[in-house]
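Residue-level structure breakdown
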Amino acid sequence: KRNETTTRIAHVFRGTFVHSTPQTAVEILHNSVLGVDDEGKIAFIDKDQNVTRLSKLWGFETSDIKQLGQYEFLMPGMVDTHIHASQYSYSGTALDLPLLEWLNTYTFPVEARYKDLDFANNIYTKVVRRTLKNGTTTACYFATIHTDASLLLGELADKFGQRALVGKVCMDCNSEVPRYKESSSDCKRETDRFIKELLKKEYPNVKPVVTPRFAPSCSAALLSDLGEIANNTKLHIQSHISENKEELKLVKRLFPDCRSYTDVYLKYNLLTDRTVMAHGCYLTDEELKIFHETGSAISHCPNSNISICSGMLDVRNVLNHKVKLGLGTDVAGGYSPSILDAMRRTLDTSKALTIQDPQHQTLTFEEVFRLATLGGSEALSLDDQIGNFEVGKDFDALRVNVCIPDGPIDAFPGEGPKVILEKFLNLGDDRNITEVYVAGRQVVPFPDT
Ligand code: GUN
Ligand code: FE
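Residues numbered from 1 in each chain as written. Chains lettered and ligands numbered in written order. Predicted model: local features only at pLDDT ≥ 70, side-chain atom pairs only at ≥ 80, totals over all residues.

Some thoughts on helix α9 (residues 285–294)
Listing the buried residues of α9 in full gives Glu287, Leu288, Ile290 and Phe291. For α9, the arc enclosing every buried residue in end-on projection is 155°, short of the 170-degree limit, so these residues lie on one face. In α9, those exposed residues whose orientation departs by more than 90 degrees from the buried face are Asp285, Glu286 and Glu293. Buried residues belonging to α9 abut α8 (261–267), β13 (297–300) and α11 (315–320). (Buried ≥ 20, exposed ≤ 12 C-beta atoms within 10 Å, placed from the backbone. Helix = DSSP H or I, 4+ residues; strand = E, 2+ residues; numbered from the N terminus. Arc of directions from axis to C-beta. Contact = placed C-beta atoms within 7 Å.)

Some words on unusual backbone geometry
Along the chain, valine 331 connects to alanine 332 via a cis peptide bond; the corresponding omega equals 10°. Cis rather than trans, the peptide bond between valine 444 and proline 445 has omega equal to 0°. One can find proline 445 in the segment after β17 (441–444). Positive phi outside glycine occurs at cysteine 309, with the angle close to 50°. By the secondary structure assignment, cysteine 309 is in the loop between α10 (302–307) and α11. Taking the C-beta count within 10 Å as the criterion, cysteine 309 has 13 such neighbours and is therefore assigned partly exposed. Residues other than glycine seldom take positive phi values, yet aspartate 406 does so here, at roughly 60°.

Concerning the site of ligand 1
Residues in close proximity to ligand 1 include His84, Leu99, Leu103, Thr107, Arg213, Phe214, His240, Glu243, Ser304, Asp330 and Gly333, which together make up its full environment. Broken down by element, the shell around ligand 1 gets its largest block of residues, three residues, from helix α2 (residues 99–111). Of the residues contributing to the shell around ligand 1, the split by class is three nonpolar, five polar and three charged. (Near = placed C-beta within 6 Å. Nonpolar A, V, L, I, M, F, W, Y, C, P; charged D, E, K, R; others polar.)

A word on the UniProt feature "domain: Amidohydrolase-related" (unreviewed entry) in the protein chain
Per the UniProt record, "domain: Amidohydrolase-related" (unreviewed entry) is annotated on residues 73–443. Between the end C-alpha atoms of residues 73–443 there is a gap of 18 Å, over a span that is 43% helix and 18% strand. (UniProt positions renumbered as here; feature names shortened; annotations may be inferred.)

A look at the pairing of strand β16 (residues 433–438)
Here four bridges tie strand β15 (residues 397–401) to β16, and the two strands are oriented antiparallel to one another. Note that in β16 the partner of alanine 397 across the bridge is tyrosine 437. Here β16 pairs with β17 via three bridges, running antiparallel. Paired with valine 438 across the strands is arginine 441, a residue of β17. (Pairing = 2+ DSSP bridges.)

Structural notes on the packing of helix α12 (residues 339–356) against helix α13 (residues 365–379)
Direction vectors running N to C along α12 and α13 enclose 140°, while the axes themselves pass 10 Å from each other. As summarised for this structure, α12 and α13 are arranged oblique, according to the angle between their axes. For α12 against α13, the interelement crossing comes out right-handed. Where α12 abuts α13, its residues Ile339, Ala342, Met343, Thr346 and Leu347 lie against Phe365, Val368, Phe369, Leu371 and Ala372. Broken down by class, the residue content of the contact of α12 with α13 amounts to nine nonpolar, one polar and no charged. (Axes fitted to C-alpha atoms, helices over the stretch in contact; angles between N-to-C directions. Parallel < 35°, antiparallel > 145°, perpendicular 65-115°, else oblique. Left-handed = near helix turned anticlockwise from the far one by under 90°.)

Notes on helix α4 (residues 147–160)
Look at α4: 20 Å from first C-alpha to last across 14 residues, which is about the 20 Å you get at 1.5 Å a residue. Turning to α4, its buried residues number three or more, namely Thr147, Ala149, Ser150, Leu151, Leu153, Gly154, Leu156, Ala157 and Asp158. After α4 finishes, the residue glycine 161 shows a positive phi value of roughly 90°. (Expected span 1.5 Å × (residues − 1).)

Some remarks on the packing of helix α3 (residues 117–133) against α4
For the pair α3 and α4, interaxial distance at closest approach is 9 Å and the crossing angle is 35°. In the packing of α3 onto α4, the handedness of the crossing is right-handed. Counted together, Leu117, Ala120, Asn121, Tyr124, Thr125, Val128, Arg129 and Leu132 of α3 and Asp148, Ala149, Leu152, Leu153, Leu156, Ala157 and Phe160 of α4 form the full contact between these two elements. Residues belonging to the contact of α3 with α4 are distributed by class as follows: eleven nonpolar, two polar and two charged.

Description of the nonpolar core
Of all hydrophobic cores here, the largest spans 117 residues; its most connected members are Ala85, Tyr141, Leu153, Val166, Met343 and Ala372. Broken down by element, this core gets its largest block of residues, six residues, from α3. Counting the residues that make up this core, at least three belong to each of domain 1 (9–76 + 388–444) and domain 2 (80–379). With near-sequence residues (within four places) excluded, alanine 85 lies in contact with Tyr124, Val127, Tyr141, Phe142, Ala143 and Leu153. With six residues, the next largest nonpolar core counts Leu99, Trp102, Leu103 and Tyr180 among its residues. (Core = buried A, V, L, I, M, F, W, Y, C linked by C-beta atoms within 7 Å. Domains from an automatic or database assignment.)

Let's talk about the confidence of the model for the protein chain
Where the model shows low pLDDT, its predicted coordinates should not be examined in detail. Across the protein chain, the average pLDDT comes to 97, with 100% of residues at 70 or higher. Predicted complex, confidence summary: ipTM 0.99, pTM 0.98. (pLDDT = per-residue confidence, 0-100.)

A word on the domain arrangement of the protein chain
With domains assigned, the protein chain is organised as domain 1 (9–76 + 388–444) and domain 2 (80–379). Each partner contributes to the interface: domain 1 provides 21 residues, whereas domain 2 provides 23 residues. At the level of secondary structure, the elements contributing two or more residues to the side of domain 1 that touches domain 2 comprise α14 (417–427), β16 and β17. Here the side of domain 1 that touches domain 2 is built from residues that sort into eleven nonpolar, five polar and five charged.

Set out below in C-alpha cells:
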C-alpha cells in the first residue's frame, strides 16, 4: 500500500474542487488542497489550512502548488460513454434521414473508407484531440469493421493520453452497402485478433470492447460468438438498443422468438455488468428491470436522439429503476463531440418531457453534471478507478476557468462556485477548459502546441 513515506507527489492543486458522490449530485470542496502522486492517483484531499503539515508529511514544496484563481475550479474529467470515432468526418451533416436509412445512405459508405489507414489516421487523430480538448478524459469508441484501423485508434488514444475503450465493429448482415460487412467467421476471427493485439500493447488506459453493431446487423451465430468471447475474456460489451421505432419493428421481425429487444441481447449473454447499450428510448419498465438485474448500463445520447428524430429517453424513469446511466455524444448521429453539449441536450429533453407532462420530474443541472462524470464512470464499470475526487482513484480532471479574455462567459449574477459551475455547464466551451489531466498526466494543452 502506498503512503506518505514511499510516495512522490507529482502535482498539488489549491482552490475549489467540484465533483459528485453517490449521495450528493454536486459537492463543492472550498479552500482545499489535492495531491496527485507519481502514479497518477489522488494521494490526499484536505483543507488548505493544513498545507504546511501536508507538505512536510508528503515531502512537496509549497512553492510548487498550483493555485486556482477566483473564477477557476477543478472538476472530474468527462466520460463519453458512446461515440463513433469513424463518423467524426461527417459530423454536423447528414441529419435529414431516420436511423435505418441514415445508416445505409451516409454511415456505411463512410465507414467503408477506414480500410485506408491514412484516412483512418487523419480522422482518428482529429477526434481524439478534439474530444480531449473538450474535456472528454474517457471515451468509449466504436471504430469500424477494420481490425487494423481499430488498433490504430487504440494507439492514438494512448499516444495523446486519453482513457479509452475501443471497439472493432461486428456486423454480418442487413447492410445495403455490399463492401461494408464481413462474414460471421471473419467477424469472430478478427474480433479475436483485435482483442489479442490490443491487449498485447499493454496500453495502461486503453482496452478493447466487444462490439456487435446492433441486433439487426448481426446473425444469431455472430451474437452467440460475441457473447462467448465477452464471457471468456471478461471484457466490456457495447451496442445499440431500442433507438427508433422502425428499428424495434425490424428486431421483432428478425428475432420472432424473443420477447423484447432486451431479450435478444440477454439470450446471447451480452447483458453483463460490463455492458453499455446506447439510446434505449423505447425500453419498457420490464426491460429496464432486466438492465438493473444484469448490471447493464445505458448511454443516453440526446443530441443524436433529437437530430435523427429517434425519440426521447426518460432518464428519470431509468434512474428510478436503478439502472446505471452515462452520457454519450453518439457522433455523428449527434452532431457535437462535446459532453457539455450532451449535458445541455439532456436537460432540454428532460424539459421537453415536462412540457408534455407537467408531472415529469425534470432533471437538475447538478444531476446532469453527475451523469457526465460519476454516472459515466459507473456506466463503464470504471467507478472504482475514476469519476470523482476520491483518494486512491486516478486523477482524471479538468481545470476550468470561466473568466477568460474574449471567452464565452461575460457576466456573473452572483458569486460562488455553484453559480460559476452552472454558467460553465450552460455557456462554457473548450476555451474554458485550460488544462486536462488523465491518470495524473497533463494531456491538454497538447505538448506540441
Ligand atoms: N445503430 C446501429 N449503428 C448505429 C450508428 O452508427 N449510430 C446510431 N446512432 N445508431 C446505430
Ligand atoms: Fe451510436
